[in-house]
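Here is how the chains run, residue by residue.
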Amino acid sequence: MLLFFSELNSNTWHHVGKGSLGEAAEQEKTLIGAGKVIQKVKGHSKLEALFRHPLYNLPRPEPQKDDWLLRVKTREDVKETESEEEEGDDSISISWTRDVKTHPPWLRFHLGISRWELYNRKDPNLVQLTHSLATQRILGAVQKTGGTQLKLLISFPNYGQALLKPMKQPRDAETNENLFYFSDFERHNAEIAAFHLDRLLGFNRIPPVVGRLINVTTEIREVTTDHRLSSTFFTSPVGNMCFYGLCEYYCSTEHPVCGQPHALEVSLAAMLPDLSLAPRRSWRSPWRRAYSRTKLAQWEKDPTYCDTVKQTPPYNQGTRLVDLIDMAVLDFLMSNMDRHHYETFEKFGNETFLLHLDNGRAFGRHSRDEPSILAPLQQCCRIRRSTLLRLRLLSLPSFRLSDVMRESLAQDPLAGVAPLLSEPHLSALDRRLASVLQVVQACQDQHSDVIYDDLDEYDQQPD
Ligand SMILES: Nc1ncnc2c1ncn2[C@@H]1O[C@H](COP(=O)(O)OP(=O)(O)OP(=O)(O)O)[C@@H](O)[C@H]1O
Ligand SMILES: [Mn+2]
């Protein structure tokens, strides 16, 4: 493994890429013709090859007790709380036990959250979790409070829940260039695509999101107990079932969410554990935008802004700064300008990953890039080595980001309706990835401490 990483890092690395790896890629080029995209050629999968790569299989120390977000109570714990609390709870009987086999997928997801990632990519439960979100009967739907745009909290028979964001505009609509980022609609496909992109970058910091075609009438209107929500349903002039809900932005007759006439595309995100079990802390991003038509934020005016951030807790210690830069890379690739806050699990203090929640405003425009999203990278000139090496890998023809993204998104149930990202959005990913690598190169030309080496422990291991 030592040899492998040093090879990736060396100057000859690009040459290596164009050699053996490049040739193989030429032979297995993804075929695109007459608007039809063929995902795999004779069973060859770039996605599978990517996930087989050592950079996606770094040995991690087994998490210790304190590295898990939650744990199942032992019989002793249960006895203690029973004696403390009033007995006589006849509400619900739950049929799962401490035996993992009895746990529904959402519970296994919660129990799998660790200090370092939200899920393990190889955990077979992930497929079960997304499958259950995509297929289970919808028992209830109420509006979720908090946040500015309409979203629903969906509940399922196995006590699982999901955060629903509806399709609000046609898939291929490009955001009007005269709209400010803070006036943009949220997109259901952006939530889905962001989950896939985050996973492809090896971060695993976005809760699993899946697409689903629902029936607005039978699966929302007829099951909701939320009167404020049901009072906003109406039949549109062409006979489609629409609703708009109550929220700060775009909840009006002028901005209806409509079925065709009942069918509606939505995204469903697995819910994180309840805040009472796993409280989270919300952090204001140092590179937050001004959310104003006229004002600039401090970081837009001060080229030495990062020097201040680097001295400010929690960015002056541990991995917080490079975590933030990982997030900036993710956001630049998908052109998300709306990252005003990020969250962490309180239990893990400052030594933990950052949750990349709320990605609905990503993937709005494919014809333009937004360099200012990369400001943290460009101003701090710092990046995790594992992130950089994965980005370089994804820029090679044999693992090309747009190709693995296309293949990954094809796994979503809504891909059967239409591709989740149009081809121009996929090529924008490759173009932006090249820009990220250029920014890193420019940093390396000027500074010597650009790379935050999170792989040194692996390099020292014998082969
Ligand atoms: N998968 C999830 N599980 C639990 N809570 C979530 C999940 N995703 C988002 N949330 C919570 O719900 C809140 C609102 O969600 P989101 O940010 O997507 O909505 P929003 O309307 O875009 O909010 P805002 O306008 O503040 O950006 C988030 O701040 C987050 O705390
Ligand atoms: Mn938002």
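Residues numbered from 1 in each chain as written. Chains lettered and ligands numbered in written order. Predicted model: local features only at pLDDT ≥ 70, side-chain atom pairs only at ≥ 80, totals over all residues. Heavy atoms only, no water.

- If you check an unreviewed UniProt entry, the chain appears there as Family with sequence similarity 20 member C, like from Mastacembelus armatus.
- Taken directly from UniProt, the Sequence similarities (unreviewed entry) text for the chain runs: "Belongs to the FAM20 family."
- UniProt lists a comment for the chain under the heading Subcellular location (unreviewed entry), and it reads "Golgi apparatus". (UniProt positions renumbered as here; feature names shortened; annotations may be inferred.)

### What to know about the overall build of the chain
At step 1: Check the secondary structure of the chain and you find 17 helices and 14 strands.
At step 2: Within the chain, the fraction of its 463 residues that count as buried is 49%.
At step 3: Within the chain, contacts between residues at least 6 apart in sequence are counted, and of these 72% link residues at least 24 apart.
At step 4: Working note: accessible area of the chain is about 23,100 Å², and carbon and sulfur atoms make up 51% of it. (Helix = DSSP H or I, 4+ residues; strand = E, 2+ residues; numbered from the N terminus. Buried < 20%, exposed > 50% of the residue type's maximum accessible area, 1.4 Å probe, protein only. Contact = heavy atoms within 4.5 Å. Areas by Shrake-Rupley, 256 points an atom, 1.4 Å probe, with all protein chains shown as cover.)

### Brief notes about helix α7 (residues 188-200)
At step 1: Between its terminal C-alpha atoms α7 stretches 19 Å, which fits the 18 Å expected from 13 residues at 1.5 Å a residue.
At step 2: With 13 of its 13 residues buried, α7 lies for the most part within the structure.
At step 3: Trailing α7 by a residue or two, Gly202 shows a phi angle of about 80 degrees, which is positive. (Expected span 1.5 Å × (residues − 1).)

### Regarding the side chain of His366
At step 1: Within the secondary structure, His366 sits in the loop between β12 (341-345) and α13 (375-380).
At step 2: In contact with His366, other than residues within four places in its own chain, are Glu174, Pro424, His425, Ala428, Arg431 and Arg432.

### What about the sheet that holds strand β6 (residues 209-215)?
At step 1: Pairing is antiparallel across the open sheet formed by 5 strands, whose spatial order is β3-β4-β5-β10-β6. With one partner strand each, in any of the chains shown, β3 (140-143) and β6 form the two edges of the open sheet. Neighbour-to-neighbour, the strand axes of the sheet open up by a mean angle of 35 degrees, direction not taken into account. (Pairing = 2+ DSSP bridges. Axes fitted to C-alpha atoms, helices over the stretch in contact; angles between N-to-C directions.)

### A look at the nonpolar core
At step 1: Core analysis: the biggest nonpolar cluster contains 113 residues, and Leu197, Phe243, Trp287, Phe345, Phe363 and Met405 have the highest contact counts within it.
At step 2: For this core, the element with the most residues is helix α12 (residues 320-334), which contributes 9 residues.
At step 3: Of the domains in this structure, domain 1 (2-60 + 276-459) and domain 2 (98-270) are the two that each give at least three residues to this core.
At step 4: Setting aside its immediate chain neighbours within four residues, Phe363 contacts Arg187, Ala190, Ala193, Ala194, Leu197, Met334, Ser335, Met405, Leu421, His425 and Leu429. (Core = buried A, V, L, I, M, F, W, Y, C linked by side-chain atoms within 4.5 Å. Domains from an automatic or database assignment.)

### Remarks on the pattern of salt bridges
At step 1: Summed over all chains, the structure comprises 23 salt bridges.
At step 2: One salt bridge connects Asp369 with Arg431, and the closest N-O pair in it is separated by 2.6 Å. Of the two residues, Asp369 sits in the loop between β12 and α13 while Arg431 sits in helix α16 (residues 423-446), which places them 62 residues apart along the sequence.
At step 3: Accessibility expressed as a relative area gives 36% for Arg431, which makes it partly exposed.
At step 4: The closest approach of N and O atoms between Arg406 and Asp403, which form a salt bridge, is 2.9 Å. Of this pair, Arg406 and Asp403 both sit in helix α15 (residues 401-409), 3 residues apart, which is roughly one turn of the helix.
At step 5: Overall, Arg406 belongs to the buried group, its relative accessible area being 9%.
At step 6: What emerges from the salt-bridge pattern is a single network uniting Lys46, Arg400, Asp403, Arg406 and Glu423. (Salt bridge = Lys/Arg side-chain N within 4 Å of Asp/Glu carboxyl O.)

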